[in-house]
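# Secondary and tertiary structure notes
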Amino acid sequence: MRFEFATATRILFGEGSVRDAAPAASAMGRRVLLVTGASAGRAAPLRASLEAAALTCLPFAVAGEPTIGLIREGADHARRERCDLVIAIGGGSAIDAGKALAAMLTNPGDPLDYLEVIGGGRPIEHPSAGFIAIPTTAGTGSEVTRNAVLGSPSDRVKASLRSAGMLPRLAVIDPELTYGLPRAVTASTGLDALTQLIEPYVSVRANPMTDQFCVEGMRKAAAALPRVWDDPGDRAARAGMSWASLLGGLSLANSGLGAVHGFAAPVGGMFPAPHGAVCAAVLPHAMAINVEALRQRAPGSEALRRYDEVARLLSGRAQATAEDGVQWIAQICRKLEIPPLRTYGVSGADVPELVDKAAKASSMKGNPLVLSAEELREIIARAI
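What this report covers is the structure whose coordinates are included nearby.

## What about the overall build of the chain?
- Within the chain, the regular secondary structure consists of 14 helices and eight strands.
- Relative to the compact-globule value of 21 Å for 384 residues, the chain shows a C-alpha radius of gyration of 20 Å, a close match.
- Taken over the C-alpha atoms alone, the chain extends approximately 60 × 45 × 45 Å along its principal axes.
- When contacts within the chain are restricted to residue pairs at least 6 apart in sequence, long-range pairs at least 24 apart make up 79% of them.
- Summed over its atoms, the accessible surface of the chain is roughly 14700 Å², and 53% of this surface lies on carbon and sulfur atoms.
- With 39 positive and 38 negative side-chain charges, the chain shows a separation of 2 Å between the mean positions of the two kinds.

## Observations regarding the environment of Ala187
- As for its position among the elements, Ala187 is in helix α6 (residues 183-202).
- C-alpha separation for the pair Ala187 and Lys335, spaced 148 residues apart in sequence, amounts to 9.4 Å.
- Excluding residues within four positions of it along the chain, Ala187 makes contact with Trp229, Leu336 and Ile338.

## Concerning the pattern of salt bridges
- Applying the stated rule across the entire model yields 25 salt bridges.
- Measuring nitrogen to oxygen at the nearest pair gives 3.1 Å for the salt bridge that ties Asp230 to Lys335. With Asp230 in helix α7 (residues 208-230) and Lys335 in helix α12 (residues 322-335), the pair connects residues that are 105 residues apart, well separated along the chain.
- Asp230 sits in the exposed class, given a relative accessible area of 51%.
- The partner of Glu302 in a salt bridge is Arg305, and the shortest N-O contact between them spans 2.6 Å. Of this pair, Glu302 and Arg305 both sit in helix α11 (residues 302-315), three residues apart, which is roughly one turn of the helix.

## Describing the environment of Met270
- With respect to the helices and strands, Met270 occurs in helix α9 (residues 259-270).
- The spacing of Met270 and Tyr344 is 74 residues in sequence and 9.9 Å in space, taken between C-alpha atoms.
- Apart from the residues within four sequence positions on either side, Met270 is in contact with Arg156, Asp350, Glu353, Leu354 and Lys357.

## Structural notes on the packing of aromatic side chains
- Throughout the structure, instances matching the rule amount to two aromatic pairs.
- Ring centres of Phe5 and Phe213 lie 5.8 Å apart, and the angle between their planes is 55 degrees; on these two criteria the pair is classed as tilted. Remark: Phe213 occurs in helix α7 and Phe5 occurs in the segment before β1 (10-13); sequence separation between them is 208 residues.
- The ring of Trp229 has Arg183 sitting right over it, with the charged end atom 3.8 Å from the ring centre.
- Geometry around Tyr201 places Arg306 over its ring, the cationic atom sitting 4.8 Å from the centre.

Conventions and cut-offs
Think of each chain on its own: its residues are numbered from 1, step by step along the sequence as written. For a predicted model such as this one, the threshold for reporting local features is a pLDDT of at least 70, and the threshold for listing and counting side-chain atom pairs is 80 or more; totals across whole chains, interfaces and linings nevertheless cover every residue. Hydrogens and water are ignored here; the side-chain numbers use all heavy atoms of the structure. Numbering of helices and strands runs from the N terminus, with a helix taken as a DSSP run of H or I at least four residues long and a strand as a DSSP run of E at least two residues long. Atoms counted for the radius of gyration: C-alpha only. Globule rule: 2.2 Å times the number of residues to the power 0.38. Two residues qualify as a contact provided that any one of their heavy atoms is within 4.5 Å of a heavy atom in the partner residue. Accessible areas in this description were obtained via Shrake-Rupley with a 1.4 Å probe; residue shielding takes into account the shown protein chains only. As used throughout, the charge tally considers Lys and Arg to be positive and Asp and Glu to be negative, leaving His and the chain termini uncounted. Just so you know, the charge point we use is NZ for Lys, CZ for Arg, CG for Asp and CD for Glu. Whenever a carboxyl oxygen of Asp or Glu lies within 4 Å of a side-chain nitrogen of Lys or Arg, that contact is scored as a salt bridge. Three exposure classes are used, based on accessible area relative to the maximum for each residue type with a 1.4 Å probe and protein chains only: buried under 20%, partly exposed in between, and exposed over 50%. Only Phe, Tyr and Trp rings are paired, with Trp represented by its six-membered ring, and only when their centres lie within 6.5 Å; those with planes under 30 degrees apart are stacked, over 60 edge-to-face, the remainder tilted. The rule for a charge over a ring is simple: NZ of Lys or CZ of Arg within 6 Å of the ring centre, and within 35 degrees of the ring normal.

As structure tokens, then:
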């Protein structure tokens, strides 16, 4: 048994835990780059508590998913304002932006110098500036991961900045911040969380530590996600999804992902599609093709046994098979009204480019087996 596990230096979880962020921030810096989503409303109480603790807050809004250009702009702004701490509060886009900005505050050059796949791929040598991540959705797990996904509009793709030094110094997961989320956001981020529990569990890099997180997270999400869809005010279900999301982040950061996220990067780079919505649309089809391929080429594999276990965890049925798990996922996607990718402009004409880019994506390295070009085409064609 040999593996590595790394995560945020400190994690605070529970209702009301956001109120502990300001005292923690006071020990890390004095001038805060406060990264938010397009609407800063959810961050207003946090900003007030930071200012009451005598910290200066410089707001920086992230209107959509972060791009290389946005990080250049934000890093220049943070340097001019002499920021020594970055706090991101919002969904995965705001947290990824904050993570990238904290890294660029302490490392010279341009974000493209360090970006995977389309950039220079240089190692990020210096630990990031102090960074606190506070999610307001239950899905991405970005508050405990070591990478930040950035879009490159000119290349029509997304790629990551990645380093253990980018892990947040503090992650604050307060389920109260997810109350009142729109149903579509609850659905797409919730299925993103579930994807990030399934893919690490069947990954070629799965390890005994993340296995425990994945098992607990899948069981929790399978129970909580339908409940929070039926009753958005169900506080226990909201807390359950926040917990599942955190476990997914811990798992993906240490065991990798797979074909779903392999496609999410190029689709998100080429079309105005939210990351969670892409993952939700692709998940049942990627699972189905992976299971079919394993049945044909590796019927005695550990990965196939794990897909059987996924089905048992999701359905609660002791005799469930991998195919039953695929059906459970397809049914929950229908229940949560997940739209197909054509909703965002994806068409059959885009399939060759998407397959080519997905095959090169870093997430694809964790898939339980190497899929053929035809199998990749089938996944994306079904998702359209």
